[in-house]
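Here is what each chain is made of, one letter per residue.
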There are 2 protein chains.
Amino acid sequence: MNTKILLNERPDGEPTLENFKTVKEKIRSPKEGEVLLKTIYMSLDPYMRGRMNDTKSYAKPVAIGEEMEAGALSQVIESKSKNFKVGDFVEGRTGWQDNPTVDEKKLRIIDPNMAPLSTSIGVLGMPGTTAYVGMHNFAKPQRGETLVVSAASGAVGSTVGQIGKIYGCKVIGVAGTNEKCEFTKSELGFDECINYKDDDFKDQLKSACPDGVDIYWENVGGITFDTVMPLLNDYARIPVCGLISLYNATSMPGGEKDRLPLLFRQVLTKRMMIKGFIVFNHYDQREESIIALSNWIKEGKIKYKEDFVDGLENAPNAFIGLLNGKNFGKLVVRVNHDPTI
Amino acid sequence: MNTKILLNERPDGEPTLENFKTVKEKIRSPKEGEVLLKTIYMSLDPYMRGRMNDTKSYAKPVAIGEEMEAGALSQVIESKSKNFKVGDFVEGRTGWQDNPTVDEKKLRIIDPNMAPLSTSIGVLGMPGTTAYVGMHNFAKPQRGETLVVSAASGAVGSTVGQIGKIYGCKVIGVAGTNEKCEFTKSELGFDECINYKDDDFKDQLKSACPDGVDIYWENVGGITFDTVMPLLNDYARIPVCGLISLYNATSMPGGEKDRLPLLFRQVLTKRMMIKGFIVFNHYDQREESIIALSNWIKEGKIKYKEDFVDGLENAPNAFIGLLNGKNFGKLVVRVNHDPTI
């Protein structure tokens, strides 16, 4: 049987377990050009919250009754494809299911000898490429600059900060627990990391950035941007790849004062750049990013932390926690877990 | 005697004539490396309003009692410079004065046979280079895209729109009088131009952009951006080179709702780019821009309109009018006017 987790109803604000529905269906034999997979590692990422809404966005929403979207690392267990044989490891957007039958075009082959398989959905997968593309194309870090990165211990943020260090930046993380902050400093080599829940977050961040902020990596929105805004230097770059603090919002947050004119004045006088991007539009750089990142991992310049959850059935709960910052590192669901892999 | 117009006091909101003070001083003989000039065409530009404030910005404010800043086209009447001889025409940031003595390093030579001299402070000067740099570096217009340009009949906006047409864009102007709108269509070849003072401005702009907006050239801020915002397409680019609607504001305008989160959401989902720039940081492209623009002028692809005011003494009043959109075309003060030039 193939177990699938479907979108049962659209969330109103924070998702609940009732928004998801688990169904079992008979495994479908692959047709020509298809493969049957056994899902091993399934990725949970904040962007999935957007797909649960029925609003116009860069990707079409998941329909009610359709399986939730996800990238996953899987093994081929039956193949009608010339490109993949039984036993191959593959990565692709195969959804929240444990034995899907999918079109070969969705998949790329993963070499199990190159790096741990789970990295293909993490530091050597979508989040890693996000960090690489955003830094390379938009942030363009220069030696001696100050980089502030939000969601600093997360899959994207942790990689962004370490790339910043490679380029000689002073790297200041922002995270939601002291443990996460400590990790980015002691394990990842960040210069400083501030807990945004601290009462004196604003003062701490200002003290940590005596030369202002040249790059602000926007992963979250909300209080972190508000605090960074007055610290931004001339020519500051703000890559925007996520706004997790808004994803569960049922109405736009914000005070009574419209800060749009203020932002534009800063954009002009400081000659800033704000650039939104979605990694899926930059997969022409995926190979390049994986080569760069895997070299940096081999050289010990990039480390990564994974937060494993066992069992597809626990995906909804883990996903709800992710949106509240409960994960610590890249959130990965172990499905059909084989401890020998 | 050299007549100078000084900043007498800082304006509170809209400048008044009392903010300026005219003084006469003895002409100073040039020292080694200096030249004495006769100002012929002096430029008035919105950015000068920023220099009248004592606030941190990209350039330091004009001090009380110091002459107002301006670029001007002048003729050399006495020279202690190896680079400039008597009779030469030069352009540089020589301020609101009619017979200044200035350092040769401030000046570039202007060939009077290349184009009318006044263009050296207009379409072949700072405003023209602003349009060129912003389009070339940041807007990157593509054939078939829709470009909306604010302050459409102004020195920068008129050039931006015509560059847009050269690149095959659909060009929609926004201006403050029907006469200005008509001019951009009949003379400059814009596809449409909307008067932002019309009650149905929003509906008119929407109708003029059935395929949305790919490039919004931000010259003004305020109502024009507010109206364009919902029309922006995926991958929209917003070069920000001016915010004239804010320059006289004594407090930041805007409604009671903070639209910053909404903007960031749009930036992310539409993968937009917002980029502030100041042309003075891009003068490595000045020669390139002048060559391109003068070729386009020769080919009849770029036209320009100048709005002349006679006499340095009328500069303050003309400048106050400029901030209210009273000019029609590039505002130029004729100083020491010689009708044979």
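Heads up: these notes are all about the structure in this document. (Residues numbered from 1 in each chain as written. Chains lettered and ligands numbered in written order. Predicted model: local features only at pLDDT ≥ 70, side-chain atom pairs only at ≥ 80, totals over all residues. Heavy atoms only, no water.)

## Regarding the interface of chain A and chain B
Link 1 in the chain: Every contact between the two is made by 40 residues of chain A and, on the other side, 39 residues of chain B.
Link 2 in the chain: Across the interface of chain A and chain B, roughly 3,700 Å² is buried in total on both sides, 66% from carbon and sulfur atoms.
Link 3 in the chain: Per-residue buried area on chain A facing chain B is highest for A:Met252, A:Phe264 and A:Leu268; these three make up 20% of the total on that side.
Link 4 in the chain: In this assembly, chain A and chain B are joined by 2 salt bridges.
Link 5 in the chain: Across the salt bridge formed by B:Arg259 and A:Asp258, the nearest N and O atoms sit 2.8 Å from each other.
Link 6 in the chain: Put simply, the parts of the chain that give the side of chain A that touches chain B at least two residues each are α6 (223-228), β12 (232-240), α7 (244-247), α8 (260-269) and β13 (273-276) of chain A.
Link 7 in the chain: Sorting elements by how many residues they give to the side of chain A that touches chain B places α8(A) first, with 9 residues.
Link 8 in the chain: When grouped by side-chain class, the residues that make up the side of chain A that touches chain B number 24 nonpolar, 7 polar and 9 charged.
Link 9 in the chain: Sheet topology note: the β13(A)/strand β13 (residues 273-276) of chain B ladder contains 3 bridges and is antiparallel. By the bridge assignment for β13(B), A:Met273 is matched with B:Lys275. (Contact = heavy atoms within 4.5 Å. Buried area = accessible area lost by both parts, 1.4 Å probe. Salt bridge = Lys/Arg side-chain N within 4 Å of Asp/Glu carboxyl O. Helix = DSSP H or I, 4+ residues; strand = E, 2+ residues; numbered from the N terminus. Nonpolar A, V, L, I, M, F, W, Y, C, P; charged D, E, K, R; others polar. Pairing = 2+ DSSP bridges.)

## A look at the relation of the copies chain A and chain B
Link 1 in the chain: With an RMSD of 0.0 Å, the operation that places chain A on chain B is a rotation of 180° combined with a shift of 0.0 Å along the axis. On this basis, the relationship between the two copies can be described by a two-fold rotation axis. Of every C-alpha in chain A, the one belonging to A:Asp258 sits nearest the axis of rotation, 1.8 Å from it.
Link 2 in the chain: Taken as a fraction of all interface residues of chain A, those also at the interface in chain B reach 98%, which identifies the copy contact as same-surface. (Least-squares fit on C-alpha atoms with pLDDT ≥ 70 in both.)

## A look at the nonpolar core
Link 1 in the chain: Counting 112 residues, the largest nonpolar core has A:Leu44, A:Trp96, B:Leu44 and B:Trp96 as its most contacted members.
Link 2 in the chain: Not counting residues up to four positions away in its chain, the partners in contact with A:Leu44 are A:Trp96, A:Ala315, A:Ala318, A:Phe319, A:Leu322, A:Lys330, A:Leu331 and A:Val333. (Core = buried A, V, L, I, M, F, W, Y, C linked by side-chain atoms within 4.5 Å. Buried < 20%, exposed > 50% of the residue type's maximum accessible area, 1.4 Å probe, protein only.)

## Focus: the packing of aromatic side chains
Link 1 in the chain: Tallied over the entire structure, the rule returns 22 aromatic pairs over all chains.
Link 2 in the chain: Here the aromatic rings of A:Trp96 and A:Phe319 are separated by 5.9 Å at their centres, their planes lie at 80°, and the arrangement is edge-to-face. Here A:Trp96 is found in the loop between β5 (89-92) and β6 (101-103), whereas its partner A:Phe319 is found in helix α10 (residues 315-323), with 223 residues between them in sequence.
Link 3 in the chain: Residue A:Trp96 is classed as buried on the basis of its relative accessible area of 0%.
Link 4 in the chain: Owing to a relative accessible area of 0%, A:Phe319 belongs among the buried residues under this scheme.
Link 5 in the chain: Ring geometry for B:Tyr216 versus B:Phe225: centroids 6.1 Å apart, planes at 40°, classification tilted.
Link 6 in the chain: Residue class for B:Tyr216 comes out buried when judged on its relative accessible area of 0%.
Link 7 in the chain: The structure contains a cluster of three or more aromatic residues connected by ring pairs, namely A:Phe20, A:Trp96 and A:Phe319.
Link 8 in the chain: Its guanidinium or amino end placed over the ring of A:Tyr283, A:Arg286 lies 4.3 Å from that ring's centre, counting from NZ or CZ. (Phe/Tyr/Trp six-rings, centres within 6.5 Å; stacked < 30°, edge-to-face > 60°. Lys NZ or Arg CZ within 6 Å of the ring centre and 35° of its normal.)

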